[in-house]
Amino acid sequence: MLFKSNGKILLSSEYLVMDGAKSIALPAKLSQDLSVSKCDENSIEWQSFDKHGNLWYEERFIVDNNNLVSLGKENIISEKIISLFNHIRKTNELQSILGNKFVTKLNFEKEWGLGSSSTFVNNLAKWANIDPYKLLFSTFKGSGYDIACCDVNHPIIYNKMGNSINVEKVDFNPPFVEYLFLIYLGKKQNTQTSIENYSKNQFNKDDLIKKINRISDEFLKCNDLIHFEELLQEHESIISKAISINPIQKSTFDEYKDGKIKSLGSWGGDFILVTSKNKDLTYFKKKGLKTILPLSDIVYIN
């Protein structure tokens, strides 16, 4: 059996999406595969390969005193997998889980933060025929927008209020899309740590959510690059207040004058969105940032 799930880019409402803000999420054209085959009936075998075919994680799990345990050295990945399978066991009989070999294959760089965790959770949920959101929330913190991106090929508005999840197909294909680029900052951000830090902050969330919701709506209607850049700056300012971190254009790229910059997802790592009216990104190349990709090459747009 083979399963496939798309990665994701969160265009708006980072952090605040966890408190009910409307977010624009763009499914990536890059995905992760999961193949499942039979193996020793008394164990679970797991292998994970990166984009280049390199084996980066391997483990074998068995049942000991009715508990699923790993045979190798304890690590956070094995702990997460055990937690996910324990959730599956609540729905499926244990014997339907044992005797299977799981092999994951990334089709994007593991360090990029495009959803290596969410895509494998979604694939595992499809194999187990269970709710992917419940499986995700059983082990990971977050809003679940990344799960919503896994099985669609178009932009969405994602909104989670309590246990209610709303996913709506939207149009996002601005006439200036050729001037929008993704630049990888060279380090993968720990999403779970970022979420924990955000949760500790105290501020008027309702007021900021209203402002972010308005910006998300305007992003979808915007037909002018200059106005879009103004919205990017306003969005950065709002999130900056929420997490007490300076916008990255101010803190790191203050000399860039040919466009505007917006952080994507957890601030400080992964990708940034950059506008460039003349498509000249030499400034970033001189800073050693070599992974520069047109937005429309990486994500699905209408």
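What comes next is a walk through the structure.

Cut-offs applied
- Residues numbered from 1 in each chain as written.
- Predicted model: local features only at pLDDT ≥ 70, side-chain atom pairs only at ≥ 80, totals over all residues.
- Heavy atoms only, no water.
- Pairing = 2+ DSSP bridges.
- Helix = DSSP H or I, 4+ residues; strand = E, 2+ residues; numbered from the N terminus.
- Axes fitted to C-alpha atoms, helices over the stretch in contact; angles between N-to-C directions.
- Disulfide = S-S within 2.5 Å.
- Buried < 20%, exposed > 50% of the residue type's maximum accessible area, 1.4 Å probe, protein only.
- Expected span 1.5 Å × (residues − 1).
- Arc of directions from axis to C-beta.
- Contact = heavy atoms within 4.5 Å.
- Patch = residues over 30% accessible without salt bridge, like charges linked within 9 Å, V, L, I, M, F, W, Y side chains within 5 Å.
- Areas by Shrake-Rupley, 256 points an atom, 1.4 Å probe, with all protein chains shown as cover.
- Salt bridge = Lys/Arg side-chain N within 4 Å of Asp/Glu carboxyl O.
- Polar contact = N/O pair within 3.5 Å; in protein donor to acceptor, adjacent residues only side chain to side chain.

1. Regarding the sheet that holds strand 9 (residues 180–184)
One key point about sheets: their strands pair by backbone hydrogen bonds, in either a parallel or an antiparallel sense.
Right, on to step 1. One open sheet accounts for four strands, arranged 10-11-9-12; its pairing is antiparallel. On the outer flanks of this sheet lie strand 10 (261–263) and strand 12 (292–294), each paired with one strand and no other. Taken over all neighbouring pairs, the strand axes of this sheet differ in orientation by 30 degrees on average, direction set aside.
Right, on to step 2. Inspection of the sheet shows strand 9 paired to strand 12 by three bridges, in the antiparallel sense.

2. Quick word on the state of the cysteines
Right, on to step 1. Under the definition given, this model contains zero disulfides.
Right, on to step 2. No disulfide involves Cys 149; its sulfur sits 7.3 Å from that of Cys 150, the nearest cysteine.
Right, on to step 3. We classify Cys 149 as buried; its relative accessible area is 0%.
Right, on to step 4. A relative accessible area of 2% means that Cys 150 is categorised as buried.

3. Examining helix 6 (residues 205–221)
Right, on to step 1. With 17 residues, helix 6 extends 25 Å from end C-alpha to end C-alpha; this agrees with the ideal 24 Å at 1.5 Å per step.
Right, on to step 2. All buried positions along helix 6 are accounted for by Leu 208, Ile 209, Ile 212, Asn 213, Ile 215, Ser 216 and Phe 219. Each buried residue of helix 6 lies within a common arc of 165 degrees when the element is viewed along its axis, so the set occupies one face. Opposite its buried face, helix 6 presents the exposed residues Asp 206, Lys 210 and Lys 221, each directed more than 90 degrees away.
Right, on to step 3. Elements that come into contact with the buried residues of helix 6 comprise strand 2 (23–38) and helix 7 (225–243).

4. Some thoughts on a nonpolar patch on the surface
Right, on to step 1. Judged by side-chain polarity, Trp 56, Ile 76 and Ile 77 come together as a nonpolar surface patch covering roughly 260 Å² of accessible area.
Right, on to step 2. Of note, Ile 76 is situated in helix 1 (residues 76–89).

5. Overview of the pattern of salt bridges
Right, on to step 1. Taken as a whole and assessed by the stated rule, the structure comprises 11 salt bridges.
Right, on to step 2. As a salt-bridge pair, Lys 4 and Asp 33 come within 2.7 Å of each other at their nearest N and O atoms. In this pair, Lys 4 sits in strand 1 (residues 2–10) while Asp 33 sits in strand 2, placing the two residues 29 residues apart along the sequence.
Right, on to step 3. Judged by relative accessible area, Asp 33 falls into the buried class, the value being 15%.
Right, on to step 4. Across the pair Arg 214 and Glu 234 runs a salt bridge, and its minimum N-O distance is 2.3 Å. Highlighted residues: Arg 214 in helix 6 and Glu 234 in helix 7, separated in sequence by 20 residues.
Right, on to step 5. Owing to a relative accessible area of 30%, Glu 234 belongs among the partly exposed residues under this scheme.
Right, on to step 6. Connected through shared salt-bridge partners, Arg 214, Glu 218 and Glu 234 make up one network.

6. Looking at the side chain of Asn 123
Right, on to step 1. As for its placement among the helices and strands, Asn 123 is situated in helix 2 (residues 116–128).
Right, on to step 2. A polar side-chain atom of Asn 123 sits 3.0 Å from the main-chain carbonyl oxygen of Gln 32.
Right, on to step 3. In contact with Asn 123, other than residues within four places in its own chain, are Phe 3, Lys 4, Ser 5, Gln 32, Asp 33 and Leu 34.

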